[in-house]
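Analysis of the macromolecular model
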Amino acid sequence: MSGQKTDDKLTDQSMASVHLKERREIRYDVSIEIEVSGIDQNGQAFHERTATTDVSEWGCGFLMSTELKVDDMVAVRMASTGQESGSSHPQCLYQVLRVKRDGTGWLVGAWKMGGCDVWGSELPKAFKSEGLGQEARREEPVADEEQHRKDSEQ
Amino acid sequence: MEIVGFPQILYIRTCGDPDILFVPLLDAAREAGAMVERLATQGENRTNAAMLSGMHLASTLLKDASFSLGAKGLSHETAYTVDLDTGTLHMHAQLYSVVSRRTSFFKVEIAGKISGGPFVVRNPTQGTVIMQVEEDRLRQPNFFSSTLAQECLRAQMEQERFGHLDESLNPDAHGEVRMSVSVSGNKVPVILRQKEQNGNWDIIDGRRQEWVGTLTSDLEGYLKSVTAFIQELFAHK
């Protein structure tokens, strides 16, 4: 993703702590298999394999069967395919910003806490497929606060 | 407050004062430390267990509206570091003491094991140990602003007194040696004083100027050797 960065972009440190109103990134409806780890409401560790519903460079949405709360911290890494070891993908910390009931699960929106690159080459692939009109659908940038308001209205 | 391995710090605007925050943070870190041990016994990789417990600690603290996440890099007057992997809590803070309407400021570092045991208080500028303190004393109200600040002031005054030896030497003494001895983590100023030539060497507690004993003749022999060496050194200078 470094090739996509331009000088007018905020630095990693600023992006990690930027105010929700200022967060406007292009999100892609792309499904990437991930493993989400954290501590559940009973204080037990969980490692849940799921897939993203949308992805941006700093944020992502995913469906969970484990209940999470706003401001919970989770570790996210791309799931290994079986042909590779799980540790080959970097694990990045995310802060949970939105949680919405979705059927029997929870739709979670999370924001990355540091400049760690969780998606590797998957996000550039999403950018490319956007050009071909396949898989990923580009969404207009929406600030988290607006998204939160939309979720509440639904 | 930094949790080692965490990409951001937890920032508290209103009550970072150690008299308010140190003990609650120690308790929260202790709970997280216990969680590391529990997860490790359940088969979680220890580094991963420390990371998960650190995440849980941060989430717990964020439930208090006074805390917010912030970027690393800026220096703060009071800062806490929790390392769940090594099981240590470290704090640096600025304390002050007022005597006769004069205010003295002190920077201190406090470090200890999260699981328990004494904490060591250091002067970060000089790297000296000011005192070693048990947890129950840290839990006393206003320990940092009163007891510890006074202790820092006493240490500073000793430092200044040692720095002006020529002004404070006893004019009646034939010989005098001043030293600082570490006793149970506390630095105790000690004076060895010989009142008359070939007389005994008294051991004086420098804090209260109290006589506490006399050097044995064996030990006097060592002191004579040191004195002779220095006399010769100065004679050839």
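The structure this text deals with has already been given above.
The structure reproduced in this document is the subject of the present report. (Residues numbered from 1 in each chain as written. Chains lettered and ligands numbered in written order. Predicted model: local features only at pLDDT ≥ 70, side-chain atom pairs only at ≥ 80, totals over all residues.)

Points about the overall build of chain B
A tally of helices and strands in chain B yields 6 helices and 12 strands. Every one of the 237 residues in chain B was classed for burial, and the buried ones make up 25%. Look at the contacts in chain B between residues 6 or more apart in sequence, and 47% of them connect residues 24 or more apart. (Helix = DSSP H or I, 4+ residues; strand = E, 2+ residues; numbered from the N terminus. Buried ≥ 20, exposed ≤ 12 C-beta atoms within 10 Å, placed from the backbone. Contact = placed C-beta atoms within 7 Å.)

Here's the deal with helix H1 (residues 18–41) of chain B
Residue and element names in this part refer to chain B. If you check H1, its first and last C-alpha atoms are 33 Å apart, about what 24 residues at 1.5 Å a residue would give, namely 34 Å. Taken together, the buried positions of H1 are Pro 18, Leu 21, Phe 22, Leu 25, Leu 26, Ala 29, Ala 32, Gly 33, Met 35, Val 36 and Leu 39. Of the residues flanking the end of H1, it is Gly 43, one or two places downstream, whose phi is positive at about 100°. (Expected span 1.5 Å × (residues − 1).)

Some thoughts on unusual backbone geometry
A positive phi angle, near 80°, is found at A:Asp71, a position not held by glycine. Position of A:Asp71 among the secondary structure elements: in the loop between strand E4 (59–64) and strand E5 (73–78). You will see that B:Asn142, though not glycine, has its phi angle at about 60°, which is positive. Here B:Asn142 lies in the loop between helix H3 (135–138) and helix H4 (143–163).

Re the nonpolar core
Counting 72 residues, the largest nonpolar core has A:Tyr94 and B:Val108 as its most contacted members. Top contributing element to this core by residue count: H1(B), with 9 residues. Every residue in contact with B:Val108, bar those within four places of it in the chain, is listed here: B:His92, B:Ala93, B:Leu95, B:Val121, B:Arg122, B:Asn123, B:Ile130, B:Leu148 and B:Cys152. (Core = buried A, V, L, I, M, F, W, Y, C linked by C-beta atoms within 7 Å.)

Some details on the environment of B:Gly16
All names here are of chain B. Position of Gly 16 relative to the elements: it lies in the loop between strand E2 (9–12) and H1. On the neighbour-count criterion, Gly 16 (20 C-beta atoms within 10 Å) is buried. Distance from Gly 16 to Met 1, taken between C-alpha atoms, is 9.0 Å for residues 15 residues apart in sequence. Excluding anything up to four places from it in sequence, Gly 16 contacts Leu 21 and Thr 78.

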